[in-house]
Amino acid sequence: VQLQAFGGGLVQAGGSLRLSCAASGRTFSTYAMGWFRQAPGKEREFVAAISWSGGITYYADSVKGRFTISRDSAKNAVYLRMNSLKPDDTAVYYCATLKRLYSDGYYSESDFGSWGQGTQVTVSS
């Protein structure tokens with residue numbers, strides 16, 4: 001599966017963005033998917049994940065209630081709706097296929113399949 005993330009941009013604090021992750025490959029619908037982010041000088045961190053069916057979702061505590069992950073298997077796409085954005089949300093956001101889901105968001109490299117190229121989100125104060 002090849003992934004391409006897009007939809008990032010510059011937004012003021014309190015604003016919203018929707019990130020999209022387009023996937024190629026007929027097996028997309030069988031994968032769990034996740035969004036991760038990495039801010040300058042910081043380690044990559046988990047943001048949200050969704051099961052292959054879309055019936056299970058997990059979120060990092062820092063984004064719970066503000067971000068919503070969803071998927072449309074007919075369109076081979078995963079989305080991340082981000083509301084009430086804060087300057088701390090500034091980062092490069094990546095989508096990835098996941099081999100398994102963890103409710104605590106702790107993933108090792110062996111849990112990932114494919115990665116998208118990342119899209120920059122910048123939130124100004």
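Attention in this report is confined to the structure presented alongside it. (Residues numbered from 1 in each chain as written. Predicted model: local features only at pLDDT ≥ 70, side-chain atom pairs only at ≥ 80, totals over all residues. Heavy atoms only, no water.)

### Regarding the pattern of salt bridges
- According to the stated counting rule, one finds six salt bridges in the structure shown.
- Between Lys64 and Asp61 there is a salt bridge; the shortest N-O distance is 3.0 Å.
- Assessed through its relative accessible area of 65%, Asp61 is described here as exposed.
- Between Arg100 and Asp111 there is a salt bridge, with its nearest N and O atoms 2.4 Å apart. Pair noted here: Arg100 is in the loop between β9 (91-98) and β10 (112-115) and Asp111 is in the loop between β9 and β10, with a separation of eleven residues, a long-range link.
- On the basis of relative accessible area, Asp111 is assigned to the buried category, the value being 3%.
- Connected through shared salt-bridge partners, Arg37, Glu45, Arg66 and Asp89 make up one network. (Salt bridge = Lys/Arg side-chain N within 4 Å of Asp/Glu carboxyl O. Buried < 20%, exposed > 50% of the residue type's maximum accessible area, 1.4 Å probe, protein only. Helix = DSSP H or I, 4+ residues; strand = E, 2+ residues; numbered from the N terminus.)

### Remarks on the sheet that holds strand β1 (residues 2-6)
- Across the sheet, four strands lie side by side as β1-β3-β8-β7; this open sheet has antiparallel pairing. Because the sheet does not close on itself, it has two edges, and the strands there are β1 and β7 (67-72). The mean inter-strand angle of the sheet, taken between neighbouring strand axes irrespective of direction, is 15°.
- Here six bridges tie β7 to strand β8 (residues 77-82), and the two strands are oriented antiparallel to one another. If you follow Ser70 over to β8, its bridge partner there is Tyr79. (Pairing = 2+ DSSP bridges. Axes fitted to C-alpha atoms, helices over the stretch in contact; angles between N-to-C directions.)

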